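# Descriptive structure summary
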Amino acid sequence: MNPYLPLSPAALHILLALAGEDMHGYGIMQEVARQSEGAYKLGPGTLYDNLQRLMDQGMVLEVSSDDPRRRIYRLSAQGRKLLSAEISRLEGVVREARLHLRRSS
Amino acid sequence: MTRWCYILLLRLHPGAFRQRFGDEMLAIFDQSARKTALMADGFVSLFRQRALRRSEVVFSSTATADGVPLFYSAAPEVPRAGAFFLGMLISFLAFGLIAFTMSHRWRQMNLIVGSHHPSPSHLLGAHTDAQPVADLPAEVKLNPYPFHPPISAYFRLILVLAALDADQDNEISAAEMENAPAALWKLDKNHDGKLTAEECGLKPDDILDPMMLGRMRLAFMRVHPVLAALDTNGDGEISASEIRNAAAALRALDSNDDGKLVENELRPEGAVLEASSIMFTLDRNGDGRISRDEMQGAIAARLRGLLSRADRTSKGYVTEGDLLSEIRLSEGNR
């Protein structure tokens with residue numbers, strides 16, 4: 001059993017945002033808002049609190065940038081694996097949910 | 001100001017986190033238009049950093065061996081002992097400090113801290129079927145609460161005065177006298193078109209028998225100058241016609257003709273209170289006289305000297321007027 005699962009909503013959205021390309025913090029916030037169609041908005045406190053944890057776990061890496069106030073973050077291979085595991089888990093949840101809903105209807 | 005508060009909030013985060021992400025968080029804060037939401041978000045991250053992230057991360061088992069979930073939250077870490085308390089304490093202290101600072105330097109924050117201004121609206125009944133009356137014109141005070149003078153105890157006791165003194169400056173101005181009918185109608189709680197002694201401020205004991213209660217009502221209405229002036233026929237109630245003529249009755253109390261009534265012109269004279277009190281106690285049959293029979297008993301014995309001096313013409317009884325003259329005379333001799 002993966003000790004990091006299930007992911008919190010914030011961690012899941014951050015990893016999803018970084019799955020496409022490397023991004024700085026503000027970019028991650030905008031991408032999360034775009035992916036959730038504005039339903040989920042991350043504040044900088046929540047973002048960096050989760051980023052710190054994900055970096056400590058080795059799921060996200062910091063890459064060099066010209067602007068010290070705009071650090072770039074990248075999804076690590078381990079992070080990508082974790083995201084895949086979480087997506088598989090969620091697919092199982094969705095499958096179960098559909099099955100139960102079909103039975104009850 | 002909000003930027004300064006956000007910087008203060010960032011400073012309360014653990015040093016390692018602040019050094020690593022503080023600049024980026026501030027840059028995002030500067031770019032964002034949702035400053036209030038980001039402040040709230042900052043408090044959440046402060047709590048999480050202090051409660052969950054300070055020590056080495058400990059992972060909990062989220063399910064038992066048979067797959068039954070044990071615990072799930074937004075984050076899987078278990079806080080170390082005491083960390084919740086520490087995090088909450090720091091967050092509350094920070095919030096209190098920022099709210100206090102903003103309330104003293106930024107007026108809009110009064111919405112959070114709250115403010116109170118005294119209002120005469122408490123004199124209005126919660127439910128009323130009375131005809132709507134023209135309210136007093138608003139008067140803006142230059143020095144609002146807490147610089148407002150405290151309401152006089154006498155004005156609080158006599159509800160008529162509290163109703164008349166709309167701006168709560170312990171004076172009845174010419175405008176307030178003019179608006180007296182409208183103010184007095186608000187005291188008519190049972191909407192019977194007149195004001196009883198209780199509606200004017202009398203709070204009688206429940207143990208009084210009906211006759212004593214009636215005498216107490218009459219004495220209350222007679223002894224207080226403002227009530228005596230309004231109750232022109234002296235029947236112990238302020239009728240509808242007396243309410244309509246209230247402005248003229250109040251102007252008659254203005255002994256120094258300065259256009260307003262101050263507490264000195266409204267308070268009853270000490271001698272009047274004393275004479276009324278003695279009459280109420282000794283005149284048991286309520287005929288307005290203290291007879292020889294009523295001069296018996298322990299209380300009358302203590303007042304024997306006063307009563308005998310008051311009965312100057314040896315007519316065998318003492319009236320309230322006799323008592324008042326004697327009390328004033330003895331006060332003058334002191």
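Predicted model only: the values in this text are computed from it and were never measured.

Thresholds applied
- Residues numbered from 1 in each chain as written.
- Chains lettered and ligands numbered in written order.
- Predicted model: local features only at pLDDT ≥ 70, side-chain atom pairs only at ≥ 80, totals over all residues.
- Helix = DSSP H or I, 4+ residues; strand = E, 2+ residues; numbered from the N terminus.
- Buried ≥ 20, exposed ≤ 12 C-beta atoms within 10 Å, placed from the backbone.
- Contact = placed C-beta atoms within 7 Å.
- Core = buried A, V, L, I, M, F, W, Y, C linked by C-beta atoms within 7 Å.
- Nonpolar A, V, L, I, M, F, W, Y, C, P; charged D, E, K, R; others polar.
- Expected span 1.5 Å × (residues − 1).
- Axes fitted to C-alpha atoms, helices over the stretch in contact; angles between N-to-C directions.
- Parallel < 35°, antiparallel > 145°, perpendicular 65-115°, else oblique.
- Pairing = 2+ DSSP bridges.
- pLDDT = per-residue confidence, 0-100.

### Structural notes on the overall build of chain B
The number of helices and strands found in chain B is 19 helices and two strands. Residue burial in chain B is summarised as follows: out of 334 residues, 24% are buried. Once local pairs closer than 6 in sequence are excluded, the contacts in chain B between residues at least 24 apart make up 59%.

### A closer look at the overall build of chain A
Scanning chain A from terminus to terminus reveals four helices and three strands. Listing each helix as α and each strand as β along chain A from the N terminus yields α-β-α-α-β-β-α. Put simply, chain A has 105 residues, and 31% of those count as buried. Taking the contacts inside chain A whose residues are at least 6 apart along the sequence as the reference set, 51% of them involve residues at least 24 apart.

### Remarks on unusual backbone geometry
In this structure, proline 6 of chain A follows leucine 5 of chain A across a cis peptide bond, with omega equal to -5 degrees. Relative to the helices and strands, proline 6 of chain A resides in the segment before α1 (9-20). Located in the positive-phi region is glutamine 168 of chain B, a residue other than glycine, with phi close to 55 degrees. Note on placement: glutamine 168 of chain B falls in the loop between α7 (159-164) and α8 (174-178). Residue classification places glutamine 168 of chain B among the partly exposed positions, given that 18 C-beta atoms sit within 10 Å.

### Examining the nonpolar core
Among the nonpolar cores identified, the biggest contains 35 residues, and Ile14, Leu15, Leu18, Ile28, Leu47, Leu51 and Val60 of chain A are the most heavily contacted of them. Of all the secondary structure elements, the ones that give two or more residues to this core are α1, α2 (25-35), α3 (44-56), β3 (72-75) and α4 (77-104) of chain A together with α1 (2-11), α2 (15-31) and α3 (35-51) of chain B. Of all the elements, α1 of chain A adds the most residues to this core, at six residues. Every residue in contact with isoleucine 14 of chain A, bar those within four places of it in the chain, is listed here: Ile28, Leu47, Asn50, Leu51 and Leu54 of chain A.

### Section: the interface of chain B and chain A
Taken together, the contacts link 24 residues of chain B with 16 residues of chain A. Looking at the side of chain B that touches chain A, the elements that each hand over two or more residues are α2 and α3 of chain B. The leading source of residues in the side of chain B that touches chain A is α2 of chain B, at 10 residues. Tallied by class, the residues present in the side of chain B that touches chain A amount to 14 nonpolar, four polar and six charged.

### Looking at α1 of chain A
An ideal rise of 1.5 Å per residue puts 16 Å on 12 residues; α1 of chain A measures up with 18 Å between its terminal C-alpha atoms. Those residues of α1 of chain A not exposed but buried are Ala10, Ala11, His13, Ile14, Leu15, Ala17 and Leu18 of chain A.

### Overview of the packing of α1 of chain B against α3 of chain B
Residue and element names in this part refer to chain B. Running from N to C, α1 and α3 point in directions that differ by 10 degrees, and their axes come no closer than 10 Å. When the axis of α1 is compared with that of α3, the two are roughly parallel. Residues Thr2, Cys5, Tyr6 and Leu9 of α1 form the contact with α3, whose own contacting residues are Lys35, Leu38, Met39, Gly42, Phe43 and Leu46. Across the contact of α1 with α3, the residue classes break down as seven nonpolar, two polar and one charged.

### Re the pairing of β3 of chain A
Residue and element names in this part refer to chain A. The two faces of β3 differ: Tyr73 and Leu75 on one face are buried, but Ile72 and Arg74 on the other face are not. By the bridge criterion, four bridges tie strand β2 (residues 60-63) to β3 in an arrangement that is antiparallel. Bridge pairing in β3 places leucine 61 opposite arginine 74.

### Some thoughts on the sheet that holds β2 of chain A
Two strands in a sheet stick together by hydrogen bonds in their backbones, pointing the same way (parallel) or opposite ways (antiparallel). Taking strand neighbours across the sheet as the criterion, the three strands line up as β1-β3-β2 (chain A) in an open arrangement whose pairing is antiparallel. Looking at the sheet topology across the chains shown, the edges are occupied by β1 (23-24) and β2 of chain A.

### Details of the confidence of the model for chain B
Residue and element names in this part refer to chain B. Per-residue confidence for chain B gives a mean pLDDT of 78; residues scoring 70 or more make up 76%. In the predicted structure, residues 56-65 sits below a pLDDT of 50 and forms 20 contacts with residues beyond four places in sequence or in another chain. For residues 67-73, every residue scores under 50 in pLDDT, and the model assigns this stretch 11 contacts once sequence neighbours within four places are set aside. Note on the complex model: pTM 0.43, ipTM 0.76.

### A short note on the environment of aspartate 258 of chain B
Within the element layout of this structure, aspartate 258 of chain B appears in the loop between α14 (246-251) and α15 (263-266). Separated by 85 residues in the primary sequence, aspartate 258 of chain B and serine 173 of chain B have C-alpha atoms spaced 9.6 Å apart.

### Overview of the packing of helix α11 (residues 210-223) of chain B against helix α16 (residues 270-282) of chain B
Any two packed helices are characterised by the angle at which their axes cross and by the distance between the axes. All names here are of chain B. Running from N to C, α11 and α16 cross one another at 170 degrees; their axes reach a closest spacing of 11 Å. In terms of their interaxial angle, α11 and α16 are classed as roughly antiparallel. For the pair α11 and α16, contact is made by Arg215, Met216, Ala219 and Val223 and by Val272, Leu273, Ser276 and Phe280, respectively. Here the contact of α11 with α16 is built from residues that sort into six nonpolar, one polar and one charged.

### Quick word on the environment of glycine 236 of chain B
Residue and element names in this part refer to chain B. Topologically, glycine 236 is positioned in the loop between α12 (225-230) and α13 (240-244). Linking glycine 236 and arginine 217, residues 19 residues apart in sequence, is a C-alpha distance of 6.3 Å. When sequence neighbours within four positions are dropped, the list of residues in contact with glycine 236 reads Ala197, Arg217, Leu218, Met221 and Asp231.

### Things to note about the environment of valine 44 of chain B
Assignment of secondary structure puts valine 44 of chain B in helix α3. Taking the number of C-beta atoms within 10 Å as the measure of exposure, valine 44 of chain B has 14 and is therefore partly exposed. A sequence separation of 43 residues divides valine 44 of chain B from glycine 87 of chain B, and the C-alpha atoms of the two residues are 9.9 Å apart. The residues touching valine 44 of chain B, leaving out its near neighbours within four places in the chain, are Gly45 and Thr46 of chain A.

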